[in-house]
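The primary structure of each chain is shown beneath.
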Amino acid sequence: MHFIKSIFFLAAPAIVAATLDPASSNTKGYKPSSLNCDAAKVSTAIQAAECSHNTRTSETQTFAVFETDHQYDANNGAPYGTCSAYTCTAPTSDELEEDSDYWVFYWSTAGESAGYGTTCIKDPQTGECGCENSDGTFVAGSDSCT
């Protein structure tokens, strides 16, 4: 389990099952104007990199919407926020509206930029890059988590 520490507070994000499977494309600064389904999984207080690097559902995840939570802006690995993972048809670019606090990750080529778009997943205490196993264990210095 990760702990996000700062001088002012201590927050413990929930352990979230995830599978290392990075997004194929992304669109930063936009959010869906409407959705055709409910989120299959919602994870709070996680890094955008965790949202983009891991699928969060046991069904085929098609996209995820990340909303920044600015209370964590000073922490290693920021931005942190809420990652909502979906298994329905992903929104097209025409179905997005501009909002700088959002980022949409696609497990397809539907995004405006290729790749997962973020930096590495970072250790909240040290800022060291690593990855997270499906049980939520962070492995510093690794990029081969399972």
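What counts, and where the lines are drawn
Residues numbered from 1 in each chain as written. Predicted model: local features only at pLDDT ≥ 70, side-chain atom pairs only at ≥ 80, totals over all residues. Heavy atoms only, no water. Helix = DSSP H or I, 4+ residues; strand = E, 2+ residues; numbered from the N terminus. Polar contact = N/O pair within 3.5 Å; in protein donor to acceptor, adjacent residues only side chain to side chain. Pairing = 2+ DSSP bridges. Disulfide = S-S within 2.5 Å. Buried < 20%, exposed > 50% of the residue type's maximum accessible area, 1.4 Å probe, protein only.

Q: Just to check I follow, could you spell out the side chain of R56 for this structure?
A: Considering the arrangement of structural elements, one finds R56 in the loop between β6 (54–55) and β7 (63–68). Within the structure, the side chain of R56 is placed 3.3 Å from the backbone oxygen of E50, a separation counted as a polar contact.

Q: How should the pairing of strand β12 (residues 129–132) be read in this particular structure?
A: Two faces, one strand: in a regular strand the side chains alternate between the faces of the sheet. The sheet contact formed by strand β11 (residues 121–122) and β12 spans two bridges and is antiparallel. Residue I121 lies in a different strand from β12, and its bridge partner there is G130. Joining the antiparallel neighbours β11 and β12 is a turn of six residues, in which G127 adopts a positive phi near 80 degrees. The loop that links β12 with its antiparallel partner strand β13 (residues 138–140) comprises five residues; one of these, G136, has a positive phi angle of about 95 degrees.

Q: Quick question: what am I supposed to make of the state of the cysteines here?
A: Cysteine pairs can be linked by a disulfide, which is a covalent bond between their two sulfur atoms. Taken as a whole and judged by the stated rule, the model has three disulfides. Bridging C51 to C83, the disulfide has an S-S length of 2.1 Å. An S-S torsion of about 70 degrees defines the bridge between C51 and C83 as right-handed. Here C83 lies in strand β8 (residues 80–86) and C51 lies in helix α1 (residues 48–53), a separation of 32 residues in the sequence. Among the residues examined, C83 registers a relative accessible area of 0% and is labelled buried.

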